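Fold and geometry: a report
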Amino acid sequence: MCGIIGYAGKENAVPIIVDGLKKLEYRGYDSAGIAIYGVDGFDVVKQKGRLAALEARLVDRTITGCLGLGHTRWATHGEPSDENSHPHLGSKNKIAIVHNGIIENYKRLKERLEQKGVRFASQTDSEVIAQLAENYYNGDLLDTVIHVMNTLEGSYAMGIMCIDDPDTIIAVKKDNPLIIGVSEHGNFMASDVPAILKHTNKVYYLNDKEIAVLKKDSVQFYNIDKESLEKSLETITWSLDSAEKGGYPHFMLKEITEQPKIIQDTIQSALKSGENKTIIDNINIKSFNKIVITACGSAYNAGVVAKYVFEKLCRISVEVELASEFRYKDAIIDEKTLVILISQSGETADTIAAMREAKSKGAVTLSIVNVVGSTIAKETDFCLYTAAGPEIAVATTKAFSAQLVLLYILAVNFAAKLEKIPQETERMLLAEITILPDKVSNILEHVPYIQMYASSCIGYKSVFFLGRNIDYAIALEGSLKLKEISYIHSEAYAGGELKHGPISLVENDTLVVAISNCGRLNEKITSNVEQVISRGAKVLIIGNRTDIQQNEKLSLISIPEIYELFSPSLSVIVLQLFSYYVAANKGLDIDKPRNLAKSVTVE
Ligand code: F6R
């Protein structure tokens, strides 16, 4: 849940590492730090708070060196503080490390080291790695790292430097992401591609328990038995611009506006040509008797949308499970179950565990992932990539939209293979999917109105999102978006549930957002709207409705007409913009909401 970067090269490592940390800050922002191999050994500067606070401290320091590590932290063990920030040094100042992950046996190891007289400087689990490495160090850093890896239990991506080795960083990983980048001026390790994209688009993906030894002009790979490995160099297709704000005030707004292109690219990859199409065509849906979708957060919400679409079009039973629940519930699945894992990062700990649980029970796994080479992408039987490019804002927008589109295409493909829809319907459905980018662009033309409406909503303490059927599914995402970035309490309910409890919460100070795109259920949602208005609520309807008379209590944001099951792709754009502008009007840190991190790689 932290971001790490390392550089071994010919240039000053400080600006390179600090700039890389800026791109990784979405992974955690409780503290940041750097360790540079300088003229007098390790120069370490670390600071509680945002990266900006570290940068401010670096202004008066003249640190230079061509080898260094950097870290941005999302605290797990030990509160956010200067001492608990990374990099951590062993007490003899011989070893410096940065770590992303959790060391499960750290207490036992710490006790053992303390009995030997080692004094710890922090409350973190990570410091044990530096202390252990110093304790094992025998003059050979590679041997030492292997010894450490064999002792640690838990997850880690880490970079290690040794005072006796001014040219070398050793990078290793287990259950947390780490890539190795090679450029003309030096070599990198990093948690994610955007951190190094400015310098290179050539990367190696490290597998679990593999070791990379980085020097300024070489990278060598080993397995845990110290045998040399050959790995293939991959080229990243993400552009440098995609990881920059490009004039927008926040990444989130930039990413919202990128959606027509992202949806277009995703459709292209799955319908026209490209690897997604080949994979989808190769899935034999007839060999399964049920589908289970499992994911976390927004990706789970995409799964709830998909359940309605798959069940309606394919007439196949679909269960949607939160990955954190699925992994422990002893699910009833077997080789006749297709388990679909949805994850932007491909590194979410609960989703990885759910995937491994599904595989252990013989189910066939299909993932929908954004980050190429991520753990879920690599370990599932089939992987479809969303063409969203790097998503930097913590709150997902464009990756979610790309997930929806892939799920629709999958549903239409499966329905056709299962002979549940005639060819003519298949053609009609694909045409409706193909037109989505234009319809999303059309909504984006109405940003000023959505912005104006949102600016009048910043005072609400509570917002309820209502919908029925597919509108309920997307109401879940609307509610999650609002709460995570605006800190306004929100809940999503199926319209029919309102009378079974939630209506007791409706009062004068309540806003209800009703999604309404299900033709045959529009009257029912209208009746829910009347019920809450008569109890004092104000209502915003988002939908393709021409029959709504707006008044002081009732507003409408219209969305273009589209095949009902695909309407979440349009409603969600309004919901994202609404949440964005509420949070922007409150002056909040939209791209890095409090307590959150983009990649939840710990349980
Ligand atoms: C919400 C959000 C999170 C993620 C969730 C799963 O805006 O971004 O709820 O959807 O943490 O993350 P991934 O998709 O990386 O598995």
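Residues numbered from 1 in each chain as written. Predicted model: local features only at pLDDT ≥ 70, side-chain atom pairs only at ≥ 80, totals over all residues. Heavy atoms only, no water.

Concerning the sheet that holds strand β16 (residues 290-295)
- Across the sheet, five strands lie side by side as β17-β16-β18-β19-β20; this open sheet has parallel pairing. Two strands lie at the open edges of the sheet, namely β17 (317-322) and β20 (382-385), each paired on one side alone. Strand after strand, the sheet turns through a mean of 20° between neighbouring axes, direction not considered.
- Pairing of strand β18 (residues 337-343) with strand β19 (residues 364-369) involves six bridges; the strand directions are parallel. Among the inter-strand pairings, Ser343 is bridged to a residue of β19, identified as Val369. (Pairing = 2+ DSSP bridges. Helix = DSSP H or I, 4+ residues; strand = E, 2+ residues; numbered from the N terminus. Axes fitted to C-alpha atoms, helices over the stretch in contact; angles between N-to-C directions.)

Some thoughts on the sheet that holds strand β6 (residues 95-100)
- Spatial strand order, β5-β6-β7-β8-β12-β13-β14: seven strands in an open sheet with antiparallel pairing. Sheet topology places β5 (88-89) and β14 (228-229) at the edges, where each strand pairs with a single neighbour.
- Here five bridges tie strand β7 (residues 156-162) to strand β8 (residues 169-174), and the two strands are oriented antiparallel to one another. Looking at the pairing, Gly159 lines up with Ala171 of β8.

Quick notes on the environment of Ser456
- You can see Ser456 is positioned in the loop between α16 (447-455) and β21 (462-467).
- Along the sequence, Ser456 and Ser490 sit 34 residues apart, while their C-alpha atoms lie 17 Å from each other.
- Among the polar contacts made by the side chain of Ser456, one reaches the main-chain carbonyl oxygen of Tyr453 at a distance of 2.6 Å. (Polar contact = N/O pair within 3.5 Å; in protein donor to acceptor, adjacent residues only side chain to side chain.)

Re the pairing of strand β25 (residues 554-558)
- Within β25, four of the five residues are buried, leaving the element largely enclosed by the surrounding structure.
- One ladder, built from five bridges, connects strand β24 (residues 538-543) with β25; its direction is parallel. If you follow Ile541 over to β25, its bridge partner there is Leu556. (Buried < 20%, exposed > 50% of the residue type's maximum accessible area, 1.4 Å probe, protein only.)

Here's the deal with the site of the ligand
- The ligand sits among 14 residues. The nearest are Ser343, Gln344, Ser345, Thr348 and Glu484.
- At 2.6 Å from an oxygen atom of the ligand is found a main-chain nitrogen or oxygen belonging to Gln344.
- Taking Ser345, its side chain carries an N or O atom lying 2.6 Å from an oxygen atom of the ligand.
- Compared with its free state, where it exposes 410 Å², the ligand has 90% of that area covered by protein.
- Listed by contribution, the elements that provide at least two residues to the shell around the ligand are α9 (297-314) and α17 (470-486).
- Its residues placed into classes, the shell around the ligand shows five nonpolar, seven polar and two charged.
- Both domains that meet at the shell around the ligand, namely domain 2 (245-434) and domain 3 (444-603), each give it at least three residues. (Near = heavy atom within 4 Å. Areas by Shrake-Rupley, 256 points an atom, 1.4 Å probe, with all protein chains shown as cover. Nonpolar A, V, L, I, M, F, W, Y, C, P; charged D, E, K, R; others polar. Domains from an automatic or database assignment.)

Some remarks on a positive patch on the surface
- A surface patch of positive charge is lined by Lys312, Arg315, Lys420 and Arg520.
- Within the fold, Arg520 resides in the loop between β23 (510-516) and α18 (522-533). (Patch = residues over 30% accessible without salt bridge, like charges linked within 9 Å, V, L, I, M, F, W, Y side chains within 5 Å. Salt bridge = Lys/Arg side-chain N within 4 Å of Asp/Glu carboxyl O. Lys, Arg positive; Asp, Glu negative; His and termini not counted. Charge placed at Lys NZ, Arg CZ, Asp CG, Glu CD.)

So, the packing of helix α8 (residues 275-282) against helix α13 (residues 398-417)
- The geometry of α8 relative to α13 is characterised by a closest axis approach of 10 Å and an angle of 35° between their N-to-C directions. Considering the relative orientation of α8 and α13, their crossing is right-handed. Contacts between α8 and α13 involve Asn276, Ile280 and Asp281 on the former and, on the latter, Leu406, Ile409, Leu410, Asn413 and Lys417.
- Grouping the constituent residues of the contact of α8 with α13 by class yields four nonpolar, two polar and two charged. (Left-handed = near helix turned anticlockwise from the far one by under 90°. Contact = heavy atoms within 4.5 Å.)

A short note on the side chain of His86
- Residue placement: His86 occurs in the loop between β4 (67-73) and β5.
- At a separation of 3.3 Å, a polar atom in the side chain of His86 contacts the main-chain amide nitrogen of His99.
- Reaching out from His86, the side chain makes a polar contact with the side chain of Ser126 at a distance of 3.4 Å.
- Discounting chain neighbours no more than four positions away, the residues touching His86 are Ala32, Gly33, Ile34, Lys46, His71, Arg73, Val98, His99 and Ser126.

Brief notes about the packing of helix α7 (residues 259-272) against helix α14 (residues 423-434)
- At a minimum axis distance of 10 Å, the contact between α7 and α14 shows a crossing angle of 150°. As the angle between them shows, α7 and α14 are arranged roughly antiparallel. Note on element contacts: α14 touches α7 through Leu430, Ile433 and Thr434, opposite Ile267, Leu271 and Lys272.
- Of the residues contributing to the contact of α7 with α14, the split by class is four nonpolar, one polar and one charged. (Parallel < 35°, antiparallel > 145°, perpendicular 65-115°, else oblique.)

Topic: α9
- For α9, with 18 residues, the first-to-last C-alpha span of 25 Å sits near the 26 Å given by 1.5 Å per residue.
- Taken together, the buried positions of α9 are Ser298, Ala299, Asn301, Ala302, Gly303, Val304, Val305, Ala306, Val309, Phe310, Leu313 and Cys314.
- In the stretch just after α9, Arg315 is the one whose phi turns positive, near 50°. (Expected span 1.5 Å × (residues − 1).)

Considerations on the domain arrangement of the chain
- The assigned domain composition of the chain is domain 1 (3-242), domain 2 (245-434) and domain 3 (444-603).
- Using only C-alpha atoms to locate each centre, domain 1 and domain 3 end up separated by 42 Å.
- Between domain 1 and domain 3, the residue contacts involve 13 residues of the former and ten residues of the latter.
- For the pair domain 1 and domain 3, the number of links is two salt bridges.
- The residue Lys592 makes a salt bridge to Glu25 at a minimum N-O spacing of 3.3 Å.
- For the pair domain 1 and domain 3, the number of links is nine residue pairs in polar contact (both at pLDDT 80 or more).

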